[in-house]
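# Summary of structural features
So you can see what is in the structure, the chains are spelled out below.
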Amino acid sequence: MELKLLIVEDDRLLAEAVSDYFSGKGWETDVVYDGDSAVEKAEQKSYQMILLDVMLPGRDGFSVCRKIREMTGTPVFFITKPFSLPVLYAKVMAMTGRLRGGAESEMLVRGDVTVNVRTRSVRIGGEACPLAPKEYELLVLFLENPNRIFTRDQLLIRLWGYDFEGNERVVDNHIKKLRKALAFSRCRIHTVRKSGYRMEVSV
């Protein structure tokens, strides 16, 4: 069964980032930007989860939630900012009672890098490689999207949250640490001039 997600968020940049992240995990996503549209969508279509912002044009999130619960038993998850997308995703998967589609999806393998996403353990060239939480989240994101360019802004929103008060240098610092861990592997993170970062996997 395909998982369907309704995202209710008036910040279009943030809504796009959330939609893109969940779509990359196999979810079918719909996005609306106000409370009335959310109620209309929930009435028209069945979802496995509804992500709901509190501050919305027109109806606020609490009013929308009450109305939706009158119509359907779909779980509603309020988006609390700031948040990181991997943490949000993990909470949603816990609420839906699914772990990345089951045991067959627990292992993520690219080149000589293997990640067990359930235990968050990493092996590079067969050797265990402990990583700090943000380096781990960066690694999983790149492994799931080989050859895709991510800007620093995209990485900040995905991993540190939309309201993170630091600057882009934090991304560069964590990329530097992750590159050191991957130094002798077949997975390399390249800087794309004036764009961002991309992982390439050699065979």
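Check the entry above for the structure.
What comes next is a walk through the structure.

Definitions and cut-offs
- Each chain carries its own residue numbering, running from 1 in the written order of its sequence.
- Since the coordinates come from a predicted model, pLDDT governs what is reported: local features require at least 70, and pairs of side-chain atoms require 80 or more to be given and counted, while whole-chain, interface and lining totals use all residues.
- Note that water and hydrogens are dropped before the side-chain values are worked out from all heavy atoms of the structure.
- Strands here are runs of E lasting at least two residues and helices are runs of H or I lasting at least four, both read from the DSSP assignment and numbered beginning at the N terminus.
- For a helix, the expected span equals 1.5 Å multiplied by the residue count minus one.
- Burial classification: accessible surface area is computed with a 1.4 Å probe over protein chains only, and a residue below 20% of its type maximum counts as buried, one above 50% as exposed, and the rest as partly exposed.
- A contact between two residues is defined here by any heavy atoms of the two lying within 4.5 Å.
- Any two strands with at least two DSSP-identified bridges between them are counted as paired.
- We define a polar contact as two N or O atoms separated by no more than 3.5 Å, with the added condition that, inside protein, one atom must be a possible hydrogen donor and the other a possible acceptor, whereas residues neighbouring each other in sequence contribute only through side-chain atom pairs.
- What counts as an axis is a line fitted to C-alpha atoms, over the stretch in contact for a helix, and the angles between N-to-C directions run from 0 to 180 degrees.
- Oblique is the label for any angle not under 35 degrees, not over 145, and not in the 65 to 115 range, which are roughly parallel, roughly antiparallel and roughly perpendicular in turn.
- Each residue is assigned to one class: nonpolar for Ala, Val, Leu, Ile, Met, Phe, Trp, Tyr, Cys and Pro, charged for Asp, Glu, Lys and Arg, and polar for all the others, Gly among them.

The end-to-end C-alpha distance of helix 7 (residues 169-181) is 19 Å, a good match for the 18 Å that 13 residues give at a rise of 1.5 Å each. Of the positions making up helix 7, those classed as buried are V170, V171, D172, H174, I175 and L178. Those residues of helix 7 hidden inside the fold are in contact with helix 5 (133-144), helix 6 (152-160), strand 9 (187-192) and strand 10 (196-201).

This part covers the pairing of strand 7 (residues 121-124). Of the two faces of strand 7, only one is covered, namely that formed by V122 and I124; the face formed by S121 and R123 stays uncovered. Bridge analysis of strand 6 (residues 113-116) against strand 7 gives 4 bridges, and the strand direction is antiparallel. Bridging across to strand 7, T114 finds its partner in R123. The antiparallel pairing of strand 6 with strand 7 creates a hairpin that spans 4 residues between the two strands, and R120 there sits at a positive phi of about 60°. As paired strands, strand 7 and strand 8 (residues 127-128) are joined by 2 bridges and run antiparallel to one another. Considered in strand 8, the bridge of I124 is made with E127. In this structure, the hairpin formed by strand 7 and strand 8 is closed by a connection of 2 residues, where G125 is found at a positive phi of approximately 60°.

What follows is about the side chain of K25. Mapped onto the elements of the fold, K25 is located in the loop between helix 1 (12-24) and strand 2 (28-32). A relative accessible area of 19% places K25 in the buried class. Separated by 2.8 Å, the side chains of K25 and E144 make a polar contact.

Axis separation between helix 5 and helix 7 bottoms out at 9 Å; the angle between their running directions is 75°. Considering the angle they form, helix 5 stands roughly perpendicular to helix 7. Residues K134, E135, L138, L139 and F142 of helix 5 form the contact with helix 7, whose own contacting residues are H174, I175, K177 and L178. Residue classes in the contact of helix 5 with helix 7 are distributed as 5 nonpolar, 1 polar and 3 charged.

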